[in-house]
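Examining the three-dimensional arrangement
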Amino acid sequence: MLRITDDIILQDWEMTESFVRSSGPGGQNVNKVSTAVELRFEAARSPSLPDPVKARLKRLAGRRWTKEGAIIIQCDETRSQARNRDIARDRLAELIRRALVKPKRRIATKRTYGSVKRRLAAKKARADVKALRGKVSED
């Protein structure tokens, strides 16, 4: 069981962990022990998450979101299997917490009269500078 907030708790059946051999430093330990963790969370089938949160989670997860609607998080940072497992769970919890935040709706505003005037004046000045770069007539 993984507690995200007071309201959202992920059950164990929603998450699957598999352990694989890690790459990188570690000597012979790398060849013997499966320390890297691959955490799979069935987000699309999760009854714990509301639909708007699932939609935001899909956008935030990016390529970690599979066609089946699962999120796959991999971690092989440390040599400890338990620590990698905790890191992967923390990453999942943080991803879901970010998806819980509803983005603010953008309110379109009108440019001020003064800002339009300043922009047009700057464009005119720039056009005058560029016009002076032309060939000089022999009059």
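Keep in mind the model is a prediction, meaning the values are calculated, not measured.

**Focus on the overall build of the chain**
What the chain contains, in helices and strands, is 4 helices and 5 strands. Across the chain, helices and strands are ordered from the amino to the carboxyl terminus as β-β-β-α-β-α-β-α-α. Relative to the globule expectation of 14 Å for 139 residues, the C-alpha radius of gyration of the chain, 27 Å, shows a markedly less compact shape. C-alpha extents for the chain along the principal axes are approximately 90 × 45 × 25 Å. Looking at the chain as a whole, 28% of its 139 residues are labelled buried. For the chain, the proportion of contacts with a sequence separation of at least 24, taken over those separated by at least 6, is 60%. Approximately 10,600 Å² of the chain is accessible, and the part contributed by carbon and sulfur atoms is 51%.

**Some points on the sheet that holds strand β4 (residues 36–41)**
Here 3 strands make up an open sheet; going across it, the order is β3-β4-β5 and the pairing antiparallel. Only two strands of the sheet have a single neighbouring strand rather than two, namely β3 (15–20) and β5 (71–75). Going across the sheet, the axis of each strand differs from the next one's by a mean of 20 degrees, ignoring polarity. Pairing between β4 and β5: 5 bridges, direction antiparallel. Bridge pairing in β5 places F41 opposite I71.

**Remarks on the pairing of β4**
Bridge count for β3 against β4 is 6 bridges, and the pairing is antiparallel. When the sheet's bridge partners are listed, F19 is paired in β4 with V37.

**Overview of helix α2 (residues 51–61)**
It helps to recall that an α-helix has 3.6 residues per turn; residues three or four apart then point in one direction. Here α2 has its buried residues at V53, K54, R56, L57 and A61. Axial view of α2: buried residues confined to an arc of 165 degrees, hence all on one face. For α2, the exposed residues lying more than 90 degrees away from the buried face are D51, A55 and R59. Tucked into the core, α2 has its buried residues touching β4, β5 and α3 (81–100). Two residues or fewer after α2 comes G62, characterised by a positive phi angle close to 65 degrees.

Parameters and conventions
Residues numbered from 1 in each chain as written. Predicted model: local features only at pLDDT ≥ 70, side-chain atom pairs only at ≥ 80, totals over all residues. Heavy atoms only, no water. Helix = DSSP H or I, 4+ residues; strand = E, 2+ residues; numbered from the N terminus. Rg over C-alpha atoms; globule rule 2.2 N^0.38 Å. Buried < 20%, exposed > 50% of the residue type's maximum accessible area, 1.4 Å probe, protein only. Contact = heavy atoms within 4.5 Å. Areas by Shrake-Rupley, 256 points an atom, 1.4 Å probe, with all protein chains shown as cover. Pairing = 2+ DSSP bridges. Axes fitted to C-alpha atoms, helices over the stretch in contact; angles between N-to-C directions. Arc of directions from axis to C-beta.

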